[in-house]
Amino acid sequence: MKKLLSILALGMLMVSCELETSGNKELDGYWQMDQVDTLSTGGVADTREALVFWGIQGKLLQIRFSEGGNFLGEGLFFRFNRDGSYLTLHSPVLHHLYETDEPIEDVEILKPFGIFNLEEVFYLEVLNDDVLVVSNDNLRLHFRRY
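This structure is a prediction, so every number in the text was calculated from the model and none was measured. (Residues numbered from 1 in each chain as written. Predicted model: local features only at pLDDT ≥ 70, side-chain atom pairs only at ≥ 80, totals over all residues. Heavy atoms only, no water.)

J.: Even after reading the chapter, I still don't get the overall build of the protein chain, so can you show me in this structure?
T.: Of the regular secondary structure elements, the protein chain holds 1 helix and 10 strands. Mapped in sequence order, the helices and strands of the protein chain form the string α-β-β-β-β-β-β-β-β-β-β. Going through the 146 residues of the protein chain one by one, you find that 32% of them count as buried. Sequence separation of at least 24 residues holds for 44% of the intrachain contacts in the protein chain that already meet a minimum separation of 6. Carbon and sulfur atoms make up 54% of the accessible area of the protein chain, which totals about 9,400 Å². (Helix = DSSP H or I, 4+ residues; strand = E, 2+ residues; numbered from the N terminus. Buried < 20%, exposed > 50% of the residue type's maximum accessible area, 1.4 Å probe, protein only. Contact = heavy atoms within 4.5 Å. Areas by Shrake-Rupley, 256 points an atom, 1.4 Å probe, with all protein chains shown as cover.)

Structure, rendered in structure tokens:
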């Protein structure tokens, strides 16, 4: 009888502890932007010291950035969809640590991060365990897994 109860308890535990995965595979994680290429001019900028990070999990993408070497708890949030080799960011929100988050309506806030539209489509050029490279009509953004 004890053995039967133990087996039932173990079975219930296994059913209740089902893992939820996002299906993003190697896209999920924390990425540091280390280079930006300007497609129209061929220019290349090293952005490692700018400390811009993309955090991706589920259907959310967070952009964190440093101001003077300090992360103040603020950043940008996007919802995103992945369709094959395309990553579409949409519904941007400015996140404040101690205030209410606010939807972004002015694209000028996003431009320093290589995003030129409130709904931005990036092409996934490279995606593996260590490297993420995405491009839009203007820029190619290079990231390393952090």
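J.: Sorry, what's going on with the pattern of salt bridges here?
T.: Side-chain pairs of opposite charge can arise where the charged atoms are in close proximity. One pass over the full model with this rule turns up 4 salt bridges. Salt-bridge contacts for Asp37 lead to Arg140; the nearest nitrogen and oxygen are separated by 3.7 Å. In this pair, Asp37 is assigned in strand β1 (residues 29-38) and Arg140 in strand β10 (residues 139-145), connecting sequence segments 103 residues apart. The exposure class of Asp37 is buried, given its relative accessible area of 8%. Classification of Arg140 by relative accessible area gives partly exposed; the value is 24%. Its salt-bridge partner being Arg140, residue Glu125 comes within 2.8 Å of it at the nearest N-O pair. Here the residue Glu125 occupies a position in strand β8 (residues 120-127), and Arg140 occupies one in strand β10, the gap between them amounting to 15 residues. Salt bridges linked by common partners bring Asp37, Glu125 and Arg140 together as one network. (Salt bridge = Lys/Arg side-chain N within 4 Å of Asp/Glu carboxyl O.)

J.: I would appreciate a short explanation of the packing of aromatic side chains in the present structure.
T.: The description of an aromatic ring pair uses the distance of the two centres, along with the angle that the planes make with each other. Under the definition given, this model contains 7 aromatic pairs. A centroid spacing of 4.9 Å and a plane angle of 70° characterise the contact between Phe53 and Tyr146, whose relative ring orientation is edge-to-face. Of this pair, Phe53 sits in strand β3 (residues 52-57) while Tyr146 sits in the segment after β10, placing them 93 residues apart in sequence. Aromatic pair Trp54 and Phe143: ring centres 4.6 Å apart, planes at 40°, arrangement tilted. Of this pair, Trp54 sits in strand β3 while Phe143 sits in strand β10, placing them 89 residues apart in sequence. In this pair, the class of Trp54 matches that of Phe143, namely buried. An aromatic cluster is built from Tyr30, Phe53 and Tyr146, whose rings are joined through pairwise contacts. (Phe/Tyr/Trp six-rings, centres within 6.5 Å; stacked < 30°, edge-to-face > 60°.)

J.: Help me out: how do you make sense of the side chain of Thr47 in this one?
T.: Position of Thr47 relative to the elements: it lies in the loop between β2 (43-46) and β3. Classification of Thr47 by relative accessible area gives buried; the value is 13%. Discounting chain neighbours no more than four positions away, the residues touching Thr47 are Met33, Asp34, Gln35 and Val36.

Without other data, these values stay purely geometric and don't point to any function.
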